[in-house]
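Commentary on secondary and tertiary structure
This is what each chain is made of:
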Amino acid sequence: MIKNIFKDEQIAELKSIIDSSRNVVLTCHKSPDGDAVGSTMGFCQVLKQMGKNARVAVPNTPPDNLRFLPQADTMLCADVAEEQELTRLFDEADLLLCMDYNDVKRIQSLTSYVEQSAAKKVLIDHHMYPKHFCDLEFSFPEMSSTCELAYRLVMAMNLEDKVGKLGASYFYMGLVTDTGNFAYNSSNPETFEIAAALLGYGIDKNGIYNRAFNTQKENSIRLQSYALQHSMKVKREYGVALITISQETLRRYYYTNGDTEGLVNVPLKIPEVFCSVFMREDES
């Protein structure tokens with residue numbers, strides 16, 4: 001049995017805000033991962049089914065392995081979008097959903113748009129220590145993912161019929177990627193009940209897993225292989241591993257966002273290593 005973890009007055013306020021809104025913009029953190037993409041795009045599908053004009057805006061383009069589901073190309077990516085289009089989107093918004101980030105600075109290129117917007121702002125997030133920049137907060141660090149939290153909100157508002165197969169696919173993608181296919185952050189039995197509920201929409205569970213986890217570009221594989229061979233340092237006496245990648249190396253392997261995803265976890269397969277650090281030299 002999935003419990004309702006929200007206060008009745010919070011859900012009532014959220015429903016009232018959504019009902020009175022027409023133009024909704026959903027945002028997430030820089031370098032969007034599966035949970036960021038899944039929670040924004042999943043909730044966006046719910047809002048569209050409610051008749052809302054909803055759009056997802058992200059600070060930069062997500063990696064290819066997270067853009068395989070339908071309508072992924074509707075995300076407005078600030079790193080390639082026209083400034084005029086971004087300005088118009090946020091100027092017309094009467095509701096901003098801030099999903100999967102606890103600090104407005106984590107959205108970087110979109111920070112000023114959110115800060116200057118007169119729209120109502122709602123936080124839906126599972127990271128610790130929120131900075132309290134929204135009008136209404138749903139901050140639950142104990143959740144496995146923001147996707148789990150978002151679907152719980154859908155249930156609390158009795159909107160399960162608005163999710164559909166596509167919305168459930170996005171929610172499931174975020175749930176499975178933020179838990180490493182339920183290898184961590186998933187000790188609560190209710191997390192699996194939510195996964196089961198999402199499967200009930202007829203989603204392609206195996207297809208989502210294969211695209212999210214088992215799809216990687218050749219350049220990404222070569223870059224990670226080079227880093228592991230030439231720049232990984234292991235200090236077994238301290239139980240620590242360090243991987244560094246320079247700008248020169250990134251350029252050599254034609255780096256794009258997401259090419260180093262998961263690299264930091266590889267040294268943790270070494271029995272003596274319990275702490276792994278990855279440092280990448282990004283452009284200033």
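The structure under discussion appears in the preceding block.
Below: a short report on this structure. Source: prediction; values computed, not measured.

Reading the values: rules and limits
- Residues numbered from 1 in each chain as written.
- Predicted model: local features only at pLDDT ≥ 70, side-chain atom pairs only at ≥ 80, totals over all residues.
- Heavy atoms only, no water.
- Pairing = 2+ DSSP bridges.
- Helix = DSSP H or I, 4+ residues; strand = E, 2+ residues; numbered from the N terminus.
- Buried < 20%, exposed > 50% of the residue type's maximum accessible area, 1.4 Å probe, protein only.
- Contact = heavy atoms within 4.5 Å.
- Axes fitted to C-alpha atoms, helices over the stretch in contact; angles between N-to-C directions.
- Arc of directions from axis to C-beta.
- 1 Å grid on protein atoms, 1.4 Å probe; cavity = no way out; pocket = protein on both sides within 12 Å on 5 of 7 lines; lining within 4 Å.
- Points joined across faces, edges and corners; volume = space filled by probe spheres on them.
- Nonpolar A, V, L, I, M, F, W, Y, C, P; charged D, E, K, R; others polar.

Okay, the pairing of strand β7 (residues 232-235) next. When β7 meets strand β8 (residues 240-245), the two strands line up antiparallel, connected through 4 bridges. The residue bridging M232 from the neighbouring strand is I243, located in β8. Between the end of β7 and the start of β8, which pair antiparallel, lie 4 residues, with G239 showing a positive phi angle near 70 degrees.

Unusually for a residue other than glycine, S31 sits at a positive phi of about 50 degrees. If you check the backbone angles, Y254 has positive phi at about 55 degrees while not being a glycine. For Y254, the location among the structural elements is in the loop between α10 (247-252) and β9 (275-280). Look at Y254 and you get exposed, because its relative accessible area is 61%.

In space, the 6 strands of this open sheet follow the order β3-β2-β1-β4-β5-β6, with parallel pairing throughout. Each edge of the open sheet carries a strand with a single partner, namely β3 (76-77) and β6 (136-139). Looking at chain direction, strand β1 (residues 23-27) and strand β4 (residues 95-99) are connected through 4 bridges and run parallel. Along β4, the bridge assignment pairs L26 with L97. With respect to the sheet, helix α5 (residues 146-156) is in contact with β4, β5 (120-125) and β6, its orientation differing from that of β5 by roughly 120 degrees.

One open sheet accounts for 3 strands, arranged β7-β8-β9; its pairing is mixed. Looking at which strands have only one partner, the edges of the open sheet turn out to be β7 and β9. Mean inter-strand twist for the sheet, computed between neighbouring axes without regard to direction, equals 15 degrees. Inspection of the sheet shows β8 paired to β9 by 6 bridges, in the parallel sense. Pairing of L242 across the sheet is with V277, part of β9. The strands that helix α9 (residues 218-230) touches are β7 and β8; relative to β8, the one it contacts most, it runs at about 125 degrees.

Of the residues making up helix α3 (residues 83-92), those classed as buried are L86, L89 and F90. Across the axial projection of α3, the buried residues extend over an arc of 90 degrees, all falling on one side. Facing away from the buried surface of α3 by more than 90 degrees, the exposed residues are Q84 and D91. Residues of α3 that are buried sit in contact with β1, β2 (53-58), β3, β4 and α4 (111-116).

So, on to the layout of surface pockets. Taken as a whole, the largest pocket holds about 1,500 Å³ of empty space. Residue lining of the largest pocket: 45 residues in total, with G258, T260, E261, G262 and N265 positioned closest to the centre. When residues of the lining of the largest pocket are traced back to their parent elements, those giving at least two are α6 (164-178), α8 (205-213), α9 and β9. When grouped by side-chain class, the residues that make up the lining of the largest pocket number 12 nonpolar, 21 polar and 12 charged. If you add up the space inside the second largest pocket, you get close to 320 Å³. Residue lining of the second largest pocket: K30, S31, N60, Q247, L250, R251, Y255, T256, N257, R280, D282 and E283, and that is the complete set. If you tally residues by element for the lining of the second largest pocket, the top one is α10, at 3 residues.

Honestly, it's all geometry; don't read function into it.
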